Amino acid sequence: MELAWAGWTSEDVEAQLAEGEFGMAEETGRVVNEAVIEGVRRDLGFGRAMGERLLAMRPPHLAHSLLAACARLDVPCTVHVALGTDIVHMHPCCDGAAIGAATHRDFRLLAAVVAT
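Quick caveat: nothing in here was measured; it's all calculated off a predicted structure.

Draft legend 1. Region of the structure containing the pattern of salt bridges. The full count for this structure, using the stated rule, is seven salt bridges. Between Glu52 and Arg42 there is a salt bridge; the shortest N-O distance is 2.7 Å. Taken together, the positions of Glu52 in helix H4 (residues 46–57) and Arg42 in the loop between helix H3 (26–41) and H4 put the pair ten residues apart, joining distant regions of the chain. Classification of Arg42 by relative accessible area gives partly exposed; the value is 45%.

Shown next, in the form of structure tokens:
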């Protein structure tokens, strides 16, 4: 999301980690969580929900987004979130049920693609 929006990631991991603030970028957490929550309502997985959100936002560096390209081309793109380890979990609007449902849909999609 940040690469598509700004052209680079917004955080200096080493500096932010030392201050206990890594992953606290408000906009990134909000956009990702809102996209996933809306995507689950539409029966989308995490990857497709993010890709479609980015396409709708039309950020200045959209061409750098694999998720957006996959959504535009209707190509499967999956995101597999590890619970409690990703920045999306730290945001106040985080919905664990939505994240779990979205990443589980992506797991099933991956398994179906591999099976065929």
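Draft legend 2. How the structure looks around H3. Along its 16 residues, H3 runs 23 Å from first to last C-alpha, staying within 8% of the 22 Å computed at 1.5 Å per residue. Along H3, the positions that sit buried rather than exposed are Thr28, Gly29, Val31, Val32, Asn33, Ala35, Val36, Ile37, Gly39 and Val40.

Draft legend 3. Inspection of the nonpolar core at higher detail. One finds Val32, Val36, Phe46, Met50 and Ile99 to be the most contacted residues of the largest nonpolar core, which totals 18 residues. Only H3, H4, helix H5 (66–73) and helix H6 (96–115) provide two or more residues apiece to this core. It is H3 that provides the largest number of residues to this core, a total of five residues. Not counting the four nearest positions on each side in its chain, Val36 is found in contact with Phe46, Ala49, Ala98, Ile99 and Ala102.

Draft legend 4. Examining H6 more closely. Here H6 contains 20 residues, and its C-alpha end-to-end distance of 28 Å stays within 8% of the 28 Å for a straight helix at 1.5 Å per residue. Those residues of H6 that sit buried are Ala98, Ile99, Ala102, Thr103 and Asp106. Looking straight down H6, one finds that the buried residues subtend no more than 120 degrees of arc, so they occupy a single side. Pointing more than 90 degrees away from the buried face of H6 are the exposed residues Ala97 and Ala115. Turning to H6, the residues buried within the fold contact H3 and H4.

Draft legend 5. Summary view of the environment of Leu3. With respect to the element layout, Leu3 can be found in helix H1 (residues 2–6). Judged by its relative accessible area of 44%, Leu3 falls in the partly exposed class. Considering only alpha carbons, one finds Leu3 and Pro60, 57 residues apart in sequence, at a separation of 9.5 Å. Excluding its chain neighbours within four sequence positions, the residues that come into contact with Leu3 are Trp8, Thr9, His61 and His64.

Cut-offs applied
Residues numbered from 1 in each chain as written. Predicted model: local features only at pLDDT ≥ 70, side-chain atom pairs only at ≥ 80, totals over all residues. Heavy atoms only, no water. Salt bridge = Lys/Arg side-chain N within 4 Å of Asp/Glu carboxyl O. Helix = DSSP H or I, 4+ residues; strand = E, 2+ residues; numbered from the N terminus. Buried < 20%, exposed > 50% of the residue type's maximum accessible area, 1.4 Å probe, protein only. Expected span 1.5 Å × (residues − 1). Core = buried A, V, L, I, M, F, W, Y, C linked by side-chain atoms within 4.5 Å. Contact = heavy atoms within 4.5 Å. Arc of directions from axis to C-beta.

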